[in-house]
Amino acid sequence: RAHLPGAGIFQCSITGLSFEVKSAVTITYRYATWTKYLSEANQQTWSPAGPLFHIEVQPGVVQSVRLPHFICLPEDVNTRLFSIAHFKSGTMILERPTRLIAFSAVLENPSFSLLGVLWRRLRSTLNSFPMHSSVLIFQQLSAADTTLHLYLIPDDNSVKQAIEKQEMNWNSKLIPKPSPFSPLFFGCFYQVTSTNSVVIMPEARLPFCYKSPREEQLFVEIYIRNMAEEIRFSMIDTRNDTVVWRASLRSGDINPPACVSKTLSGAAFLKKHKTKLCVRMRQLPSILLHLRDANIINSDEEEEVQSQVTSQRRNKVLLELADKKGLEAQEQLYQILQMKDPYLIADLD
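What counts as what
Residues numbered from 1 in each chain as written. Predicted model: local features only at pLDDT ≥ 70, side-chain atom pairs only at ≥ 80, totals over all residues. Heavy atoms only, no water. UniProt positions renumbered as here; feature names shortened; annotations may be inferred. Axes fitted to C-alpha atoms, helices over the stretch in contact; angles between N-to-C directions. Helix = DSSP H or I, 4+ residues; strand = E, 2+ residues; numbered from the N terminus. Parallel < 35°, antiparallel > 145°, perpendicular 65-115°, else oblique. Left-handed = near helix turned anticlockwise from the far one by under 90°. Contact = heavy atoms within 4.5 Å. Domains from an automatic or database assignment. Expected span 1.5 Å × (residues − 1). Buried < 20%, exposed > 50% of the residue type's maximum accessible area, 1.4 Å probe, protein only. Pairing = 2+ DSSP bridges.

In the nomenclature of an unreviewed UniProt entry, the chain is known as CARD8 protein of Spizaetus tyrannus. Note on the chain: under the UniProt heading Subcellular location (unreviewed entry), the record states "Cytoplasm, Cytosol".

Draft legend 1. Up close: the packing of helix α7 (residues 284-293) against helix α10 (residues 327-340). Close contact between α7 and α10 brings their axes to 10 Å; oriented N to C, the two are set at 135°. What the angle tells us is that α7 and α10 run oblique. When the axes of α7 and α10 are compared, the crossing they make is right-handed. Contacts between α7 and α10 pair S286, I287, H290 and L291 from the former with Q332, L333, I336, L337, M339 and K340 from the latter.

Draft legend 2. Region of interest: the domain arrangement of the chain. The domain boundaries assigned to the chain delineate domain 1 (2-120), domain 2 (130-254) and domain 3 (266-348). A straight line from the C-alpha centre of domain 1 to that of domain 3 covers 31 Å.

Draft legend 3. Region of interest: helix α3 (residues 157-169). For α3, spanning 13 residues, the distance from its first C-alpha to its last is 18 Å, which sits close to the expected 18 Å at 1.5 Å a residue. Listed in full, the buried residues belonging to α3 are S158, V159, Q161, I163, E164, E167 and M168. Immediately beyond the C-terminal end of α3, within one or two residues, lies N171, with a positive phi of roughly 60°.

Draft legend 4. Focus on the sheet that holds strand β22 (residues 242-250). Pairing is antiparallel across the open sheet formed by four strands, whose spatial order is β19-β17-β21-β22. Of all the strands in the sheet, just β19 (205-207) and β22 have a single pairing partner and so form its edges. Averaged over neighbouring strand pairs, the angle between their axes works out to 25° when direction is ignored.

Draft legend 5. Structural detail: the environment of T146. Of note, T146 is situated in strand β14 (residues 146-154). Judged by relative accessible area, T146 falls into the buried class, the value being 7%. Sequence spacing of T146 and I224 is 78 residues, and the spatial spacing of their C-alpha atoms is 5.1 Å. Ignoring sequence-local partners within four residues, the contact set of T146 consists of I222, Y223, I224, M227 and I254.

Draft legend 6. Broad picture of the environment of L206. By the element assignment, L206 lies in strand β19. For the pair L206 and V192, spaced 14 residues apart in sequence, the C-alpha separation works out to 7.8 Å. Not counting residues up to four positions away in its chain, the partners in contact with L206 are L150, L152, C188, F189, Y190, L218, F219 and V220.

And the structure:
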């Protein structure tokens, strides 16, 4: 829920959704699931090109909405192959975007329902559009030796957040690494390789595809028995053996947070470092989102935190709120911090 104070253009830092409004207004929005609304027949013709949103707002106030997409647009792209889908009373209505820009489809004078960007499937995957993508690597803290989960997904924040939530439930932490440096293509396979001897299960090839946030996401498990000083990973397009992604995993990427988890409980850690966390804790909107998803806080409590004037004050109110709610809330907040900012946790410890 966003309280926009007056006329202007506003963008959500979590979803990438953007609104141009004529006056002050409150907008409520959330992610929805494509597979729930996009029929099997429509899936043969259309494919999601970004998240699906459920948006509620007073009519006539929004001049334009920018819906995020993950298509890497070439200069000569055929915009007729893109549509914005509305779902009203179970029926899909397609509308041409006013214009397409790098990461958004712009729709002027919109009406609101369920909205999202679609692109028309082509007969050959070789003629598919290039896509922006992300590689997510998580370390399972409770697993033997070093066990990693590697995901290859379109650059869709709704999918990222669903994976982060699932991995947090598995007691994992995110290891930040760069995204692929080349656009990827749906329907193609990409193979994970390593300079060192590692075990990759079930196989080293990953199909690049879109799976809705509520579906089980595909990943490969990487098992490292002896962590060397540095292990280099690459991802190769199997069509032409072209490298599309590289990253190095170092011992420092995985060891510090594991040491923290063995020394202090979440509650003890938050209590010991409360003063420093008030000053240094970042990514608050994302942290609040995870706490909402875990039913630790409600919308009124989220609004109370967000309404504070300074970031330091917002952090203090959140920590006090977690303290009042007890050990489970404190442990959840600690695990979210481990995932979102493992180096802050390691440094404080």
